[in-house]
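# Reading the structure
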Amino acid sequence: MFLDPLSTSGFKRSLFNAIVAPRPIGWISTISHSGQVNLAPFSQFNLVSTAPPVVMFSCNTPDDRAEKDTLANVRETKEFVTNLVSWDLREAMNLTSTPCPHGVDEFELANLKKAPSVKVRAPRVADAPANLECELLQIVEILAEYPGETRSSTVFGRVVGIHMAEQFLTAEGRFDVVRAKPLTRLGGFDYATVGTILQMPAPFRRAG
């Protein structure tokens, strides 16, 4: 079977989302110059580079304003925080995806505690297993070219600070992914957490 997204009748983008899965969720907290806090999840999110440490997330254009509050805040302040969504925080994360009017504090909406950051102004999700403080590197605009498409803005941020809850740090100094149970996005409304874990070193590298 071959599908052309532009010419296949009834093509659903959820097919594409389900193939590129599971995807980590970028739970992005930001703050405006005036002090208005925002928290929103993005399933177009991932690690880009480890040296330098860089992450990215992508925003689609919303229906009710020129751009999402997250993106507007990042443009203003040149910074953001990525908060790890654990399985236990799944309901709170889902609440923060509510399309709220401008000015709503999603921390309050989802009854989440704020924690101060060290190198950026935006607060962190206090109960997240880990948080990445980020400074903006660049924003790449992906323009809509065909009917039904919307403009997307892809944000790249350099990680300038890492917070980890001590109970998720192993004696060997590794982050315990199994205990943290990160929530991942699949297709449609489907989510998952980590399944079977195995070590499989590359042929030219030793484990560890």
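Going by the structure above, here's the rest.
This text gives an overview of the structure that appears in the document. Just so we're clear, the structure is a prediction, and the values are computed from it rather than from any experiment.

Take a nonpolar patch on the surface next. Together, V177, V178, V194 and I197 give the surface a local cluster of nonpolar side chains, amounting to about 310 Å² of exposed area. Take V178: its relative accessible area is 46%, and that puts it in the partly exposed class.

Attention shifts here to the sheet that holds strand β1 (residues 23-24). Ordered by their spatial adjacency, three strands build an open sheet running β1-β11-β12, and the pairing between neighbours is antiparallel. Looking at the sheet topology across the chains shown, the edges are occupied by β1 and β12 (191-192). For strand β11 (residues 184-185) and β12, the ladder comprises two bridges, and the chain directions are antiparallel. The residue of β12 that forms the bridge with R185 is Y191.

For the rest of this paragraph, the subject is the pairing of strand β3 (residues 37-42). The buried fraction of β3 amounts to six of the six residues, a majority that puts the element mostly inside the structure. The loop that links strand β2 (residues 26-31) with its antiparallel partner β3 comprises five residues; one of these, G35, has a positive phi angle of about 100 degrees.

Further remarks concern the packing of aromatic side chains. The tally for this structure, following the rule as stated, stands at three aromatic pairs. Measuring from ring centre to ring centre gives 5.2 Å for F57 and F80, while their planes differ by 80 degrees; the resulting arrangement is edge-to-face. With a gap of 23 residues between them, F57 in strand β5 (residues 53-60) and F80 in strand β6 (residues 79-83) connect regions that are remote in the sequence. Here F57 falls in the buried class, since its relative accessible area comes to 0%.

Following the sequence through the fold, I28 ends up in strand β2. Sequence separation between I28 and V125 is 97 residues; the distance between their C-alpha atoms is 9.4 Å. Setting aside residues up to four positions removed in sequence, I28 forms contacts with N38, L39, A40, F42, F57, T70, F80, V81, T82 and N83.

The sheet built from seven strands is open, its strands ordered β3-β2-β6-β9-β10-β5-β4 with antiparallel pairing. Taken across any chain shown, the strands that pair with only one partner, and hence form the sheet edges, are β3 and β4 (45-50). The average undirected angle you get between the axes of adjacent strands in this sheet is 35 degrees. In the packing of helix α2 (residues 69-77) onto the sheet, the strands contacted are β2, β3, β5, β6, β9 (130-142) and β10 (152-164), and the crossing angle to β2 comes to about 55 degrees.

Where β4 lies against β5, five bridges are found, and the strand directions are antiparallel. The residue bridging L47 from the neighbouring strand is V55, located in β5. Linking two consecutive strands that pair antiparallel, namely β4 and β5, is a turn of two residues.

Now for the nonpolar core. If you look at the biggest cluster of nonpolar residues, it comprises 19 residues, and the most contacted ones within it are W27, L39, V85, M93, F107, L112 and V125. Those elements that provide at least two residues to this core are β2, β3 and α3 (90-95). Beyond its immediate sequence surroundings of up to four residues, V125 is in contact with W27, L39, N83, F107, L112, K113 and N131. Residues I28, F45, C59 and C134 belong to the second largest nonpolar core, which totals 14 residues.

Thresholds, definitions, all that
Residues numbered from 1 in each chain as written. Predicted model: local features only at pLDDT ≥ 70, side-chain atom pairs only at ≥ 80, totals over all residues. Heavy atoms only, no water. Patch = residues over 30% accessible without salt bridge, like charges linked within 9 Å, V, L, I, M, F, W, Y side chains within 5 Å. Areas by Shrake-Rupley, 256 points an atom, 1.4 Å probe, with all protein chains shown as cover. Salt bridge = Lys/Arg side-chain N within 4 Å of Asp/Glu carboxyl O. Buried < 20%, exposed > 50% of the residue type's maximum accessible area, 1.4 Å probe, protein only. Pairing = 2+ DSSP bridges. Helix = DSSP H or I, 4+ residues; strand = E, 2+ residues; numbered from the N terminus. Phe/Tyr/Trp six-rings, centres within 6.5 Å; stacked < 30°, edge-to-face > 60°. Contact = heavy atoms within 4.5 Å. Axes fitted to C-alpha atoms, helices over the stretch in contact; angles between N-to-C directions. Core = buried A, V, L, I, M, F, W, Y, C linked by side-chain atoms within 4.5 Å.

All we've got here are geometric facts, nothing functional implied.
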